[in-house]
Amino acid sequence: MKKKVKRRFNFLRFITFIITLFVLYIVISFLLSIKTKNIVILNNNYYNDEVIIEKAGIQNYPKFLLLNSNKVKKKIESLDLVSSVTVKKKLNFILEITVNEKKILYYNKSNNYYKLSDGNTYKSNDIYGVPTLINYIPEDIENKFIKKFSKVDSNIISLISEIEYSKTEFDSERFLLYMSDENLVYITVGKTELLNKYIDIVKTLEGKKGILYLDSGNYFEIKEKWYV
């Protein structure tokens, strides 16, 4: 018959284990208590950072490790003009939010609606950086204009402050654009995509201000005092 060996209680090992658990508890508790140090919003044009942060419910910079990225994503995607969102937790407790927005072409002053590239309308008080349509456009002309204008880069659209339907007896599809740099641009529906070259054209003007005729002739007319 084998004799049972009685194990001795290792007090030192037990104390080491308890201390290790305690240290882990302190470290984990500390890490979980650290708040988000910075929130970076990328690729947003229409909604400013404050609107996105408030919609996500993170204006108080919540605890970083306990933050549910998927919940933040879904909340921001509930904004009418947001098509998709990517949320990443970065080093140094930085939360990075990349927003992909639907494209707004202009604000229609006559009915207080924003016009989207798909032809739909949207009403809000939180949109910035889009031109204002200041007069009436016949529906058939507007539909053609929307189709072409939606192909203009967003960074060019943001340079336009006002859009005026400016038909002539020779061309019913002519528009006048008031640019934020104080130039004017005439364009027709069929040549709307030429606006994508606007920045390159302006670079050749050497700071001169005037009227750029992209509707016919593609020439620039310098004006001294003409636009307030």
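Just above sits the structure.
Residues numbered from 1 in each chain as written. Predicted model: local features only at pLDDT ≥ 70, side-chain atom pairs only at ≥ 80, totals over all residues. Heavy atoms only, no water.

Visitor: Just to check I follow, could you spell out the packing of aromatic side chains for this structure?
Guide: To describe a pair of aromatic rings, you give the distance between the ring centres and the angle between the ring planes. Overall, the coordinates contain seven aromatic pairs when judged by the stated rule. Seen in terms of ring centroids, Phe145 and Phe175 are 4.2 Å apart; in terms of plane orientation they differ by 20°. Their pairing is stacked. With Phe145 in helix 4 (residues 139-149) and Phe175 in strand 9 (residues 174-179), the pair connects residues that are 30 residues apart, well separated along the chain. Note on accessibility: Phe145 and Phe175 belong to one class, buried. (Phe/Tyr/Trp six-rings, centres within 6.5 Å; stacked < 30°, edge-to-face > 60°. Helix = DSSP H or I, 4+ residues; strand = E, 2+ residues; numbered from the N terminus. Buried < 20%, exposed > 50% of the residue type's maximum accessible area, 1.4 Å probe, protein only.)

Visitor: Could you clarify how one ought to interpret unusual backbone geometry in this entry?
Guide: The residue Tyr61 is not glycine, and still its phi comes out positive at about 50°. Here Tyr61 is to be found in the loop between helix 2 (49-56) and helix 3 (69-77). Look at Glu182: it is not a glycine, yet its phi comes out positive at around 80°. Inspection of the secondary structure puts Glu182 in the loop between strand 9 and strand 10 (184-188). Residue Glu182 is classed as partly exposed on the basis of its relative accessible area, which comes to 45%.

Visitor: In this structure, what is going on with the nonpolar core? I would like to understand it.
Guide: If you look at soluble globular proteins, the nonpolar side chains tend to sit buried side by side. If you look at the biggest cluster of nonpolar residues, it comprises 27 residues, and the most contacted ones within it are Tyr47, Ile58, Ile76, Ile97 and Ile127. Put simply, the parts of the chain that give this core at least two residues each are strand 1 (38-42), helix 2, helix 3, strand 2 (82-90), strand 3 (94-101), strand 4 (104-108) and strand 5 (113-116). In terms of residue count, helix 2 provides more of this core than any other element does, four residues in total. Those residues in contact with Ile97, other than ones at most four positions away along the chain, are Ile39, Val40, Ile41, Leu42, Ile58, Val72, Ile76, Val85, Thr86 and Val87. Residues Ile137, Tyr165, Met179 and Val185 belong to the second largest nonpolar core, which totals 24 residues. (Core = buried A, V, L, I, M, F, W, Y, C linked by side-chain atoms within 4.5 Å. Contact = heavy atoms within 4.5 Å.)

Visitor: Would you take a moment to explain the sheet that holds strand 12 (residues 219-222) for this structure?
Guide: If you walk across this open sheet you meet the nine strands as 6-5-4-7-8-9-10-11-12, and the pairing is mixed. The open sheet is flanked by strand 6 (121-122) and strand 12, the only strands paired with a single partner. One ladder, built from two bridges, connects strand 5 with strand 6; its direction is antiparallel. Paired with Lys115 across the two strands is Thr121, which belongs to strand 6. (Pairing = 2+ DSSP bridges.)

Visitor: I'm lost on the pattern of salt bridges in this one. Help?
Guide: One side chain can pair with another of opposite charge once the charged atoms of both are near each other. In total, this model carries four salt bridges according to the counting rule given. Between Lys144 and Glu173 there is a salt bridge; the shortest N-O distance is 3.0 Å. Of this pair, Lys144 sits in helix 4 while Glu173 sits in the loop between strand 8 (160-165) and strand 9, placing them 29 residues apart in sequence. Note on Lys144: relative accessible area 42%, which makes it partly exposed. Between Asp215 and Arg174 there is a salt bridge, with the nearest N and O atoms lying 2.9 Å from each other. A residue pair is termed long-range when its members are at least 10 positions apart, and Asp215 in the loop between strand 11 (210-213) and strand 12 and Arg174 in strand 9 qualify at 41 residues. Like Asp215, the residue Arg174 is buried in the burial classification. (Salt bridge = Lys/Arg side-chain N within 4 Å of Asp/Glu carboxyl O.)

Visitor: For this particular structure, what's the right way to read the environment of Thr121?
Guide: As for its position among the elements, Thr121 is in strand 6. Since its relative accessible area comes to 43%, Thr121 is described here as partly exposed. For Thr121 and Ile104, which are 17 residues apart along the polypeptide, the C-alpha to C-alpha distance reads 9.0 Å. For Thr121, the residues in contact, after removing those within four places along its chain, are Tyr113, Tyr114 and Lys115.

Visitor: Mind showing me how you'd approach the packing of helix 2 against helix 3 here?
Guide: At a minimum axis separation of 8 Å, helix 2 and helix 3 run at an interaxial angle of 120°. Of the possible angle classes, the one that applies to helix 2 and helix 3 is oblique. For the crossing formed where helix 2 meets helix 3, the hand is right-handed. Note on element contacts: helix 3 touches helix 2 through Val72, Lys75 and Ile76, opposite Ile52, Lys55 and Ala56. Across the contact of helix 2 with helix 3, the residue classes tally to four nonpolar, no polar and two charged. (Axes fitted to C-alpha atoms, helices over the stretch in contact; angles between N-to-C directions. Parallel < 35°, antiparallel > 145°, perpendicular 65-115°, else oblique. Left-handed = near helix turned anticlockwise from the far one by under 90°. Nonpolar A, V, L, I, M, F, W, Y, C, P; charged D, E, K, R; others polar.)

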